[in-house]
Amino acid sequence: MAIQWFPGHMHLTKKAIQERIKEIDVVIELLDARLPGSSANPMLAELTSAKPALKVLNKQDLADPARTALWLAHYNSLPATQAIALDASETTPARRLIDACHALAPTRGSMVKPMRVLICGIPNVGKSTLINTLTGKRATKTGDEAGITKLEQRIVLADGFYLYDTPGMLWPRIIVAKSGYNLAASGAIGRNAFNEEEVALELLDYLIRDYPGLLTARYKVEVPPGITDEQLLEEIGRKRGAVLSKGRVNLQKAAEIVIHEFRASTLGRITLETPEEFAQWLAAGQLMDAERQLKKDKIETDRLIRFKKIPRPQKPRAPRLPDPDEPATP
């Protein structure tokens, strides 16, 4: 299943970032600590590549702490980049963000040369909640659905420190299939854009391999070697009473239970990818995307030739073989 979601207001957000980035000193990108690679927007990276970046792994209290450490090390190893982890329990995150931005842009931050920071991220990554915590008031709307913030806002975080908030933005086409499922499981993609049962099966497939103990503890089910995601989803449905007539399991209801409990972290602290795993998924996705583009280009070229929009390319002539009876040229 290809999961794609790019509402119209995200086009407007892209244009707003393109205009705003000219005067920005540091870009803060909020990432979901449970899927730091999948929640990093490649389109945003392209738009802001010339600016220092602060990667904030938000919701770290929901993520696997050992894997969060791996991701922090990964991002801190990149040029002109710092990374920190935050969660909703941190009541004074403003000082950490301000200090990290000053380290990335040490000449900015006075009233004469104020620090201008753009904060952005995918939908439902917790950006609005963080900003409300930073300002100590309800500066932005929050909710457990993607796409709440719709307009850019400027917030004075401290003297000489201006924070520009933008709506959550995905990218038009997700080339890493696993990222699409992880984003859907996290709530970053609107529920009308994916099938809950397929997403739950992908989620369980990963958890069977990496977090079987958490599944056993939460659902009181056995997770023996070789169990499939379909078998486990059906067993969870039976354990939770999602049963229809004649003993059939309501797989849709079971899938909703699994996704909800992952989002709420009642399953435990889980991270759905490591830096190495995501690098492999990305490489595979880029290869498939390149092959898809070659096929698309060939179809378009053939169409243009057929309608005589472009000339048919000449086949290269075979090299003339020398005649053995012909005297050699001096």
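The structure presented is a predicted model; accordingly, all values stated were derived computationally and were not measured.

Reading guide: rules and limits
- Residues numbered from 1 in each chain as written.
- Predicted model: local features only at pLDDT ≥ 70, side-chain atom pairs only at ≥ 80, totals over all residues.
- Heavy atoms only, no water.
- Helix = DSSP H or I, 4+ residues; strand = E, 2+ residues; numbered from the N terminus.
- Buried < 20%, exposed > 50% of the residue type's maximum accessible area, 1.4 Å probe, protein only.
- Contact = heavy atoms within 4.5 Å.
- Pairing = 2+ DSSP bridges.
- Axes fitted to C-alpha atoms, helices over the stretch in contact; angles between N-to-C directions.
- Core = buried A, V, L, I, M, F, W, Y, C linked by side-chain atoms within 4.5 Å.
- pLDDT = per-residue confidence, 0-100.
- Phe/Tyr/Trp six-rings, centres within 6.5 Å; stacked < 30°, edge-to-face > 60°.
- Lys NZ or Arg CZ within 6 Å of the ring centre and 35° of its normal.

**Q** Got a minute to help me understand the overall build of the protein in this structure?
**A** Tallying secondary structure elements over the protein gives 11 helices and six strands in all. Expressed as a percentage of its 330 residues, the buried residues of the protein come to 48%. For the protein, long-range pairs separated by at least 24 residues make up 70% of all intrachain contacts whose partners lie at least 6 apart in sequence.

**Q** Before we go on, may I ask you to explain the sheet that holds strand 6 (residues 161–165) in this structure?
**A** Backbone-to-backbone hydrogen bonds pair the strands of a sheet. The strands run either parallel or antiparallel. Pairing is mixed across the open sheet formed by six strands, whose spatial order is 3-2-1-4-6-5. Since the sheet does not close on itself, it has two edges, and those belong to strand 3 (81–85) and strand 5 (153–158), each with one partner. The average undirected angle you get between the axes of adjacent strands in this sheet is 25°. Note: strand 2 (residues 53–58) against strand 3, five bridges, orientation parallel. Within the sheet, the bridge partner assigned to Val 56 lies in strand 3 and is Ile 84. Each of strand 1 (26–32), strand 2 and strand 3 touches helix 3 (residues 65–76); the most contacted strand, strand 3, lies at about 160° to it.

**Q** It is not clear to me how helix 5 (residues 127–135) should be interpreted in this structure. Could you clarify?
**A** Along an α-helix, residues three or four apart share an orientation, since each turn contains 3.6 residues. Taken as a whole, helix 5 has its buried residues at Lys 127, Ser 128, Leu 130, Ile 131, Asn 132 and Leu 134. Gly 136 occupies a position one or two residues after helix 5 and carries a positive phi of about 75°.

**Q** Please clarify how the nonpolar core should be interpreted in this entry.
**A** Generally speaking, nonpolar side chains in soluble globular proteins are found buried as a group. Ranked by internal contacts, the top residues of the largest apolar core, which has 88 residues, are Ile 28, Leu 54, Leu 97, Leu 183 and Leu 215. A total of eight residues in this core trace back to one element, the largest contributor, which is helix 7 (residues 196–210).

**Q** Looking at this structure, how should I read the side chain of Lys 178?
**A** Note that Lys 178 resides in helix 6 (residues 177–186). What makes Lys 178 buried here is its relative accessible area of 15%.

**Q** Got a minute to help me understand unusual backbone geometry in this structure?
**A** Most peptide bonds take the trans form, and the phi angle of most residues other than glycine is negative. Positioned with a positive phi, Lys 59 is a non-glycine residue whose angle comes to about 65°. On the basis of relative accessibility, which here comes to 18%, the residue Lys 59 falls in the buried class. Even without being a glycine, Lys 246 presents a positive backbone phi close to 60°. Given the relative accessible area of 86%, Lys 246 is considered exposed.

**Q** Help me out: how do you make sense of the confidence of the model for the protein in this one?
**A** Detailed reading of the predicted model is not advised wherever pLDDT is low. Summarising the model, the protein shows a mean pLDDT of 87, and 88% of its residues fall at 70 or more. When mean pLDDT is taken per element in the protein, helix 3 scores highest with 98 and helix 1 (residues 8–20) scores lowest with 76. Long-range and interchain partners of residues 138–150, a stretch whose pLDDT sits below 50, account for 36 contacts in this model, where long-range means more than four residues apart.

**Q** Teacher, can you tell me more about the environment of Ala 45 here?
**A** By secondary structure assignment, the location of Ala 45 is in helix 2 (residues 42–47). Taking the C-alpha atoms as reference points, Ala 45 and Glu 29, 16 residues apart in sequence, are found 9.3 Å from one another.

**Q** Before we go on, may I ask you to explain the packing of aromatic side chains in this structure?
**A** Remark: the centre distance and the inter-plane angle together describe each pair of aromatic rings, the angle taken between the planes. One pass over the full model with this rule turns up two aromatic pairs. One aromatic cluster is present, formed by Trp 71, Tyr 75 and Phe 278 through successive ring pairs. Over the face of the ring belonging to Tyr 162 we find Arg 154, whose NZ or CZ atom lies 4.3 Å from the ring centre.

**Q** Where do I start with the environment of Thr 216 in this structure?
**A** For Thr 216, the position within the fold is in helix 8 (residues 212–219). What makes Thr 216 partly exposed here is its relative accessible area of 30%. Note: C-alpha distance between Thr 216 and Leu 267 (51 residues apart in sequence) is 9.7 Å. Aside from chain neighbours lying at most four places away, what touches Thr 216 is Val 221 and Val 223.

**Q** Looking at this model, I keep getting lost on the pairing of strand 6. Mind explaining?
**A** Across the five residues of strand 6, five count as buried, placing the element largely inside the fold. In the sheet, strand 4 (residues 115–121) pairs with strand 6 via five bridges, with the strands oriented parallel. Along strand 6, the bridge assignment pairs Ile 119 with Asp 165. Inspection of the sheet shows strand 5 paired to strand 6 by five bridges, in the antiparallel sense. Bridging from a neighbouring strand, Val 156 pairs with Tyr 162 of strand 6. Count of turn residues in the strand 5/strand 6 antiparallel hairpin: two residues, of which Gly 160 carries a positive phi of about 75°.

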